[in-house]
Amino acid sequence: MSGEVPLWEVFIRPRNGLAHKHVGSLHATDEVMALQAARDVYTRRGEGNSIWVVASNAITASDPDQAGENFEPGEKIYRHPTFYEIPDEVGHM
Amino acid sequence: MYSQGLIGADGRSEETPEFLAAFQARVDAETKIEPNDDMPEGYRRTLVRQIGQHAHSEIVGMLPEGNWITRAPSLRRKAALLAKVQDEGGHGLYLYSAAETLGVSRKQMTEELLDGRAKYSSIFNYPTLSWADIGIIGWLVDGAAIMNQIPLCRCSYGPYARAMIRVCKEESFHQRQGYEIVMKLAQGTPEQKAMVQDALNRWWWPSIMMFGPHDADSQHSDQSMAWKIKRFTNDELRQKFIDATVPQAEYLDLTLPDPDLKWNEEKGGYDHGPIDWDEFWRVVKGFGPMAKDRVKARKKAWDDGEWVREAALAHAEKRKARAQAAPMAAE
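Residues numbered from 1 in each chain as written. Chains lettered and ligands numbered in written order. Predicted model: local features only at pLDDT ≥ 70, side-chain atom pairs only at ≥ 80, totals over all residues. Heavy atoms only, no water.

1. Points about the overall build of chain B
Okay, step 1: On a plain count of helices and strands, chain B comes out with 13 helices and two strands.
Okay, step 2: Overall size of chain B, expressed as C-alpha extent along the three principal axes, is 80 × 55 × 35 Å.
Okay, step 3: Across the 331 residues that make up chain B, the buried fraction comes to 50%.
Okay, step 4: Look at the contacts in chain B between residues 6 or more apart in sequence, and 78% of them connect residues 24 or more apart.
Okay, step 5: Summing over all exposed atoms, chain B offers an accessible surface of approximately 16,300 Å²; the carbon and sulfur share of this is 56%.
Okay, step 6: Of the side chains in chain B, 43 bear a positive and 48 a negative charge, and the two mean positions are spaced by 6 Å. (Helix = DSSP H or I, 4+ residues; strand = E, 2+ residues; numbered from the N terminus. Buried < 20%, exposed > 50% of the residue type's maximum accessible area, 1.4 Å probe, protein only. Contact = heavy atoms within 4.5 Å. Areas by Shrake-Rupley, 256 points an atom, 1.4 Å probe, with all protein chains shown as cover. Lys, Arg positive; Asp, Glu negative; His and termini not counted. Charge placed at Lys NZ, Arg CZ, Asp CG, Glu CD.)

2. Quick word on unusual backbone geometry
Residues and elements named next belong to chain B.
Okay, step 1: The residue Glu-30 is not glycine, and still its phi comes out positive at about 65°.
Okay, step 2: Looking at the secondary structure, you find Glu-30 in the loop between α1 (17-28) and α2 (41-60).
Okay, step 3: Look at Glu-30 and you get partly exposed, because its relative accessible area is 41%.
Okay, step 4: Residue Asp-253 is not a glycine yet carries a positive backbone phi of 60°.
Okay, step 5: Within the fold, Asp-253 resides in the loop between α10 (234-251) and β1 (262-264).
Okay, step 6: By relative accessible area, which is 56% here, Asp-253 ends up exposed.

3. Brief notes about the interface of chain A and chain B
Okay, step 1: Taken residue by residue, the interface counts 19 residues in chain A and 28 residues in chain B.
Okay, step 2: Overall, the association of chain A and chain B removes approximately 2,100 Å² of surface from exposure, summing both partners, and the carbon and sulfur fraction of that is 61%.
Okay, step 3: Where chain A meets chain B, there are one salt bridge.
Okay, step 4: The salt bridge involving Glu-34 of chain B is made with Arg-13 of chain A; its shortest N-O contact spans 3.2 Å. (Buried area = accessible area lost by both parts, 1.4 Å probe. Salt bridge = Lys/Arg side-chain N within 4 Å of Asp/Glu carboxyl O.)

4. Some remarks on helix α7 (residues 158-186) of chain B
Okay, step 1: Taking 1.5 Å as the rise per residue, α7 of chain B with 29 residues should run 42 Å; its terminal C-alpha atoms sit 42 Å apart, in good agreement.
Okay, step 2: Along α7 of chain B, the largest kink reaches about 35° and is centred on Glu-170 of chain B. (Expected span 1.5 Å × (residues − 1). Bend = angle between axes of the 7 residues up to and from the residue.)

5. Remarks on the nonpolar core
Okay, step 1: If you look at the biggest cluster of nonpolar residues, it comprises 84 residues, and the most contacted ones within it are Trp-139 and Tyr-157 of chain B.
Okay, step 2: Sequence-distant contacts of Tyr-157 of chain B, that is, excluding residues within four places in its chain, are made with Ile-33, Glu-34, Pro-35, Met-39, Tyr-43, Leu-47, Ile-51, Ala-98, Thr-101 and Leu-102 of chain B.
Okay, step 3: Membership of the second largest hydrophobic core comes to eight residues, among which are Trp-8, Val-10, Leu-26 and Ala-38 of chain A. (Core = buried A, V, L, I, M, F, W, Y, C linked by side-chain atoms within 4.5 Å.)

6. Some details on the sheet that holds strand β3 (residues 50-55) of chain A
Residues and elements named next belong to chain A.
Okay, step 1: Pairing within the open sheet is antiparallel, and its three strands lie in the order β2-β1-β3. Edge strands, defined here as strands with exactly one partner in the open sheet, are β2 (21-27) and β3. Neighbour to neighbour, the strand axes of the sheet diverge by 30° on average, direction disregarded.
Okay, step 2: As defined by bridge partners, strand β1 (residues 7-13) adjoins β3 across six bridges and the pair is classed as antiparallel. Its bridge partner lying in β3, Val-10 is registered against Val-53.
Okay, step 3: Running over the sheet, helix α1 (residues 31-42) touches β1, β2 and β3 and is turned about 115° from β2. (Pairing = 2+ DSSP bridges. Axes fitted to C-alpha atoms, helices over the stretch in contact; angles between N-to-C directions.)

7. Focus on the confidence of the model for chain B
Residues and elements named next belong to chain B.
Okay, step 1: Predicted confidence across chain B gives a mean pLDDT of 92, with 95% of residues reaching 70 or more.
Okay, step 2: Counting contacts from residues 1-12, a segment whose pLDDT is below 50, to residues more than four positions away or on other chains yields 25 contacts.
Okay, step 3: The complex model carries a pTM of 0.89, and its ipTM stands at 0.84. (pLDDT = per-residue confidence, 0-100.)

8. Some words on the pairing of β1 of chain A
Residues and elements named next belong to chain A.
Okay, step 1: By the criterion of burial, β1 is predominantly enclosed, with six of the seven residues buried.
Okay, step 2: Relative to β2, β1 runs antiparallel, the two being bridged by six bridges. If you follow Val-10 over to β2, its bridge partner there is Gly-24.

Set out below in structure tokens:
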């Protein structure tokens, strides 16, 4: 459909040291407008010091119906430290 | 996680005394440095070298342990070792992507590893001769790595610190699975106990060398400490590791191969005998048959993967061309 203003996903970094986190989306005609709009829409109360915008159609997402195959639940318990028995006497490990 | 596109093509900064002082003040205030921030060229270079070496170590580190996956003595041990080696591969990838935020490409880092310009941890140039080595590696080598990596979670460079938090969380099982292997062997038959003692004798000194040269001989250490890339010196970390490890060996009635190792009440830590730094430098510089094998194995993996990368790129091109052709066909 022509004339539609594209959608952008917005990511904010609350402060240096933390990762950018998805906060929501907005419509804007290009990346410059998207950044400005993101600042106005999502950071009016000091929510961050850095913004990323990514065109929503550039994101490829996994299929929720395949979550079972993609993300195994907890049966691989040997990936967790508690699976291994370490005596208390040897200290924290 | 990050792309190179985030970084200005020109990474250089005007390194006036004011600029350097302002940067140092930010570091001193514990403000993390992020990819788009101005930073001294030396800071960038140090991190590229350090994170690159760290990434290479994770990848090369898959080889000595991978050597034993098919010969693990039980399904339990095999599943754990597979999971561990898979983790190391993942950790290499987290670290390469952290390095890429500094403007170095993955391809460049790979080439430097394969042509010998880039170094990796000297520990991986030792052979894994018996199953007991796998236990000892988890206990000592991962133990030493964790000792080194925990303070890196507070490194001043944000992407490196964040990668290390993830790595440390995942590695918490690595040392425990190693100690469990060692414990089973140490409490097993006399032959099993002898096998694990032999492995310990071979790996102890290389493990304590992992922390690098003594502080007095460590050329980059002071600047890295000032920039809060490092939080503890090599000798401080080595001391912490030895103090934590000695009681773990004693508990299993295993002997650490250092006759000078003894408790020093005054300093509240163990004293240790002299380290053979000649051996350390020989191994770092890649003398000996294992170093050649390691790089040869990585080179083979890279060369054997060439057609796969080519085919995947060709496939992507084909799909793109089809997607572009489809709407036209519909008209």
